[in-house]
Amino acid sequence: MLKSLCLSLALKFLRSKRYGKLAHFISLSSTLGIAVGVCALVVGLSAMNGFEYELKNRVLSLIPTAQLKASDGYFAHLTEDLELLNSSAAIKAAPALTVEGVFQKERSFSPAAVIGIVPELETKVVELERFMSAPVSCLNQEQSVILGAGIARKLNLNVGDSLDFLTTRQNNSSLGRPQRQELVVAGIFKTGGQIDKTLAFIHLDAAKT
């Protein structure tokens, strides 16, 4: 009965020719309000879906899902640990060493986190090659480095150029003095995000020295 009453009232007002200005304004404003609300909802959902896609396919593609760090700075049985992790079909593991420092080219400087990797193993963990014009195998020498596009642009560097990497990491020979290491740009990656200005990759053997 309630449905029939609502329907009859709706049809009565719809067929009525005595349509005042107030009713016209209320109808128009209600329609526009609903349209604006739906439009805002569609735009908001599209923006959230786009952000999630870019975050997953760009930024998170270069960052491992999980990291295992040694409490004393190194793994005593690294080979055995990697074999144990990779024995699971759901896990892809690779060794890495992060060194924080500063890149220098003449009088220009750019701070960065440099990650030492094994190229043939790292490609199974992160999708670095997808953002490079050259394969990760270009990182085949201890003096080579893969720079983020933001670092390369700030220091005005291209593939084949040389630069210095300064770090305050101490070892037995540095005696607390800053270490300087000369590197050659072997490749440049570009994701279009902030990570391009703060990240670089070198060979794991170079990161250990």
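It should be emphasised that the depicted structure is a prediction, and the values quoted were computed from it without experimental measurement.

Caption draft 1: Spatial organisation of unusual backbone geometry. Even without glycine at this site, glutamate 106 takes up a positive phi of about 60°. Secondary-structure assignment places glutamate 106 in the loop between strand 1 (96-105) and strand 2 (108-117). Given a relative accessible area of 67%, glutamate 106 falls into the exposed group. Phi at asparagine 156 takes a positive value of approximately 55°, unusual for a residue other than glycine. With respect to the element layout, asparagine 156 can be found in the loop between helix 5 (149-154) and strand 4 (162-167). Of the residues examined, asparagine 156 reaches a relative accessible area of 65% and is grouped as exposed.

Caption draft 2: Inspection of the pairing of strand 6 (residues 199-203) at higher detail. Of all five residues in strand 6, five are buried, a share of seventy percent or more. As paired strands, strand 2 and strand 6 are joined by five bridges and run parallel to one another. Its bridge partner being in strand 6, valine 114 is matched across the sheet by alanine 200. Pairing between strand 3 (residues 144-148) and strand 6: three bridges, direction antiparallel.

Caption draft 3: View of the nonpolar core. Core analysis: the largest hydrophobic core is formed by 18 residues, its most contacted members being Phe103, Val145, Leu147, Leu157, Leu163, Leu183 and Ile202. At the level of secondary structure, the elements contributing two or more residues to this core comprise strand 1, strand 2, strand 3, helix 5, strand 4, strand 5 (179-189), strand 6 and helix 6 (204-208). With residues near it in sequence (within four places) discarded, leucine 147 still touches Phe103, Ala152, Leu157, Leu163, Val185, Gly187, Ile188, Phe189, Leu199 and Ala200. Core analysis: the second largest hydrophobic core is formed by 16 residues, Leu62, Val126, Val136 and Phe189 among them.

Calculation rules
Throughout this document, residue positions are counted from 1 along each chain, in the order its sequence is written. Where totals are concerned, whole chains, interfaces and linings use all residues; where local detail is concerned, this predicted model gives features only for residues with pLDDT of at least 70, and gives and counts side-chain atom pairs only at 80 or more. Computation of side-chain values covers all heavy atoms of the structure but excludes hydrogens and water. Helix numbers and strand numbers start at the N terminus; a helix is a DSSP run of H or I with at least 4 residues, a strand a run of E with at least 2. Only protein chains enter the area calculation, which uses a 1.4 Å probe; residues under 20% of their type maximum are buried, those over 50% are exposed, and those in between are partly exposed. DSSP-based pairing: two strands are paired if at least 2 bridges between them are found. We define the nonpolar core as a collection of buried residues of types Ala, Val, Leu, Ile, Met, Phe, Trp, Tyr and Cys that are connected through side-chain atoms lying within 4.5 Å of one another. Contact definition: two residues touch when any of their heavy atoms are within 4.5 Å.

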